[in-house]
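Each chain, letter by letter, is given below.
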Amino acid sequence: MRDKLFIGLLLVMSSTVWAQVDINHQENEVFVKPQLRKNIRIPNIPGYQTLKGDFHIHTMFSDGQVWPGIRVEEAWREGLDVIAITDHIEYLPHKKHLSADHNTAYKLALKQAVEKNIILIKGTEITKNKVPPGHFNALFIEDANPIENEDVSLSIEEAVRQGAFIIWNHPGWKRQQPDSTKWWDFYTELISKNRLHGIEVANANEWYPIALDWCTEKKLTVFGNSDIHAPINLKYDLSERYAHRPMTLVFAKERTKQSVKEALFAGNTIAWFGNTLAGKEELMQALLKNALILQPAFRQVEKKGVEWYYAELSNVSDIPFVLQANDRQDQKMILEPQSSVIVSYRADEKDLTYRVNNAFVGSTKNMTIVFDL
Ligand SMILES: [Zn+2]
Ligand SMILES: [Zn+2]
């Protein structure tokens, strides 16, 4: 009896202790999105880390709909390593409600960037109505304010004086080039003065194949950027496992801002948008060699007097590849991310060659990958 009383007392006491927690305040985690970063698996290439970047992003400080810090949060969740906030310097539709100088978006986003280990690059978009000149992103600037100028040449000159990397944005945007994606002398002149360093081969949901040829011919860096204005998950259905915004893969020596800058000036990038890759041949070759692995043959059989080998071809990346056997036009296969297929070849074959239909190294040229046997 005494024991029961004691237990009863304990229960009363413990409920008193619990009562100090507010029972009328309960956490409900149902339907709450977990705070997780998605890891995008794309292999490194010899001597370089493969970083995922987006170098064209807007916030409320120009015509975007999102506060700067949220841009960092979005990038972190999607598995990006490096972003540039590039608000228009001449087009500020929210100015009446948000009066601030051109460096404010960067300053506001920096706190989240440090907390989330995202490399944040200070940038701006020089925005002129016609092509030429069109729109340019200036990256790695020090101060956006003096870059504002009616004269585009003076804008770019000031950005370059600050050490900026200059990208010609969306060269085939119909609003500025209604007939076709054309090159103009204006850009040749910029290159001659070392004031143009890269081109957006892909912007949002458009891509401009001819711009990939320009990058190769004129030694300019290839970019694929989102140019996102809305919240990212209002534009892309990121609930799909392999869904992603258009991005630029950067092959950098280290995961630092300085290394990214060196990589961009060295042209070490590939654009990845939708299910398509676009870049220069040497880098594409290096990436595919590390993404697609042919294991040694595991089986040998004889069919009608011919020796056949069977081996496993694996895709160790998160990029799906559309492979077409060179000598067998009918044999097209999609090698999904993180999956393998069995391939067969005759004992007298010297190599297995595939055209990668979704990897472009020229406007009309696909990457070819050769496995020596
Ligand atoms: Zn633009
Ligand atoms: Zn833009």
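Predicted model, so just to flag it, every value in this text is computed and none were measured.

**Here we look at the coordination of the zinc ion (ligand 1)**
A four-donor tetrahedral metal ideally has 109.5 degree angles, and a six-donor octahedral metal ideally has angles of 90 or 180 degrees.
No. 1: Here the zinc ion (ligand 1) is held by the protein donor atoms E125 (OE), H135 (ND1) and H170 (NE2), which lie 2.1 to 2.2 Å from it.
No. 2: In primary-sequence terms, the residues that donate to the zinc ion (ligand 1) follow E-x9-H-x34-H.
No. 3: The two metals, the zinc ion (ligand 1) and the zinc ion (ligand 2), are separated by 3.4 Å and share E125 as a common coordinating residue. Placement of the pair is H135 in strand β4 (residues 135-139) and H170 in the loop between β5 (165-168) and α5 (185-192), with a sequence separation of 35 residues.

**Regarding the pairing of strand β2 (residues 82-85)**
No. 1: Neither face of β2 is left uncovered, since the one carrying V82 and A84 and the one carrying I83 and I85 both have all their residues buried.
No. 2: Pairing of strand β1 (residues 49-57) with β2 involves 3 bridges; the strand directions are parallel. By the bridge assignment, I57 is partnered in β2 with I85.
No. 3: Crossover connection from β1 via helix α2 (residues 68-77) to parallel β2: handedness right-handed.
No. 4: Relative to strand β3 (residues 119-127), β2 runs parallel, the two sharing 4 bridges. Among the inter-strand pairings, I83 is bridged to a residue of β3, identified as L120.
No. 5: Remark: the β2/helix α3 (residues 104-116)/β3 crossover connection has right-handed handedness.

**Points about the UniProt feature "domain: Polymerase/histidinol phosphatase N-terminal" (unreviewed entry) in the protein**
No. 1: As recorded in UniProt, the feature "domain: Polymerase/histidinol phosphatase N-terminal" (unreviewed entry) lies at residues 53-130.
No. 2: Secondary structure content for residues 53-130 is 29% helix and 23% strand, while the C-alpha to C-alpha distance between its ends is 28 Å.

**Remarks on the domain arrangement of the protein**
No. 1: According to the domain assignment, the protein consists of domain 1 (49-279) and domain 2 (291-372).
No. 2: Using C-alpha coordinates to define each centre, domain 1 is positioned 35 Å away from domain 2.
No. 3: Contact residues are listed per partner, giving 14 residues for domain 1 and 12 residues for domain 2.
No. 4: For the domain 1 and domain 2 pair, buried surface summed over both sides reaches about 1,000 Å², with 59% attributable to carbon and sulfur atoms.
No. 5: Summed over the three residues of domain 1 that lose the most area to domain 2, namely Y242, N275 and L277, the buried surface amounts to 47% of that side.
No. 6: Inspection of the region where domain 1 meets domain 2 yields 1 salt bridge.

**A few points about the coordination of the zinc ion (ligand 2)**
No. 1: The protein atoms that coordinate the zinc ion (ligand 2) are H56 (NE2), H58 (NE2), E125 (OE) and D227 (OD), at distances of 2.0 to 2.4 Å.
No. 2: Its 4 donor atoms give the zinc ion (ligand 2) angles of 80 to 166° at the centre, a pattern that matches the irregular case.
No. 3: Written as a sequence motif, the donor residues of the zinc ion (ligand 2) are H-x1-H-x66-E-x101-D.

**Brief notes about the packing of aromatic side chains**
No. 1: Throughout the structure, instances matching the rule amount to 16 aromatic pairs.
No. 2: Between W183 and W214 the ring centres are 5.1 Å apart and the planes differ by 65°, which places this aromatic pair in the edge-to-face class. Note that W183 is positioned in the loop between β5 and α5 and W214 in helix α6 (residues 209-217), a separation of 31 residues in sequence.
No. 3: Taking 5.8 Å as the distance between ring centres and 40° as the angle between the ring planes, the aromatic pair formed by Y309 and Y345 counts as tilted. Note that Y309 is positioned in strand β14 (residues 306-315) and Y345 in strand β17 (residues 339-346), a separation of 36 residues in sequence.
No. 4: Of the aromatic side chains, those joined through ring pairs into one cluster are F136, W168, W183, F186, Y187 and W214.
No. 5: The lysine or arginine in question, R299, covers the ring of Y310, its NZ or CZ lying 5.7 Å from the ring centre.
No. 6: The ring of W308 carries K303 above its face, with NZ or CZ at 5.4 Å from the centroid.

**Here's the deal with the pattern of salt bridges**
No. 1: All chains considered together, the criterion is met by 15 salt bridges.
No. 2: Ionic pairing is found between D81 and R255, a salt bridge with its closest N-O pair at 3.0 Å. One end of the pair, D81, is in the loop between α2 and β2; the other, R255, is in the loop between β9 (247-252) and α8 (257-266), with 174 residues separating them in the sequence.
No. 3: For R255, a relative accessible area of 24% translates into the label partly exposed.
No. 4: With a closest N to O distance of 3.8 Å, E157 and R195 form a salt bridge. Separated by 38 residues along the polypeptide, E157 in helix α4 (residues 152-161) and R195 in the loop between α5 and β6 (198-203) bring together distant segments of the chain.
No. 5: Overall, the relative accessible area of 38% leaves E157 in the partly exposed class.

Cut-off values and rules
- Residues numbered from 1 in each chain as written.
- Chains lettered and ligands numbered in written order.
- Predicted model: local features only at pLDDT ≥ 70, side-chain atom pairs only at ≥ 80, totals over all residues.
- Heavy atoms only, no water.
- Donors = N, O, S within 2.8 Å, 3.2 Å for Na, K, Ca; no water.
- Helix = DSSP H or I, 4+ residues; strand = E, 2+ residues; numbered from the N terminus.
- Buried < 20%, exposed > 50% of the residue type's maximum accessible area, 1.4 Å probe, protein only.
- Pairing = 2+ DSSP bridges.
- Right-handed = clockwise from strand over helix to strand, strands pointing away.
- UniProt positions renumbered as here; feature names shortened; annotations may be inferred.
- Domains from an automatic or database assignment.
- Contact = heavy atoms within 4.5 Å.
- Buried area = accessible area lost by both parts, 1.4 Å probe.
- Salt bridge = Lys/Arg side-chain N within 4 Å of Asp/Glu carboxyl O.
- Tetrahedral: all angles 85-135°; square planar, octahedral: opposite > 155°, others 65-115°.
- Phe/Tyr/Trp six-rings, centres within 6.5 Å; stacked < 30°, edge-to-face > 60°.
- Lys NZ or Arg CZ within 6 Å of the ring centre and 35° of its normal.

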